[in-house]
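The chain contents come next:
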Amino acid sequence: MSEIQTIGIEKLRLDEQNPRLPESVSRDESSMLEYIATTTALEDLMEAIGENDFFPGEPIVVIPDGDSFIVIEGNRRLAAVKLLSNPGLCPSA
């Protein structure tokens, strides 16, 4: 059984292999955040997280990668939390 633990967002990385990202999107965090922010209903998710906090019933699933973790399930939720924490990460959204 997998262990549930709290990991700071600074250690979480979006999945560059995410099959929902088109090949035309660069695999750097800024480009992936911009794509997610501009093509999904991220504002609604950000508002829900901002008002109600993060819902622990839908944990983000990660795999370790050196000193950080790659998010394999929950990239949109991670993008929402990263942008709530630092809106400047995606100036065009």
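For clarity, every value in this text was computed on a predicted model and none was experimentally measured.

**Student:** Run through the pairing of strand S2 (residues 61–65), naming residues and quoting values.
**Tutor:** Both S2 and strand S3 (residues 68–73) contribute to a ladder of 5 bridges, which runs antiparallel. Within the sheet, the bridge partner assigned to Val61 lies in S3 and is Glu73. Where S2 folds back on S3, the antiparallel hairpin that results is connected by 2 residues, among which Gly66 adopts a positive phi of roughly 65°.

**Student:** Hey, could you go over the sheet that holds S2 for me, with residue numbers and the actual values?
**Tutor:** What the 3 strands build is an open sheet, ordered S1-S3-S2; its pairing is mixed. Each edge of the sheet is formed by a strand with only one pairing partner; in this case those strands are strand S1 (12–13) and S2. In this sheet, S3 lies alongside S1 in parallel orientation, the contact comprising 2 bridges. Looking across to S3, one finds that Leu12 is bridged to Phe69.

Conventions and cut-offs
- Residues numbered from 1 in each chain as written.
- Predicted model: local features only at pLDDT ≥ 70, side-chain atom pairs only at ≥ 80, totals over all residues.
- Heavy atoms only, no water.
- Pairing = 2+ DSSP bridges.
- Helix = DSSP H or I, 4+ residues; strand = E, 2+ residues; numbered from the N terminus.

That's the geometry; what it means functionally is another story.
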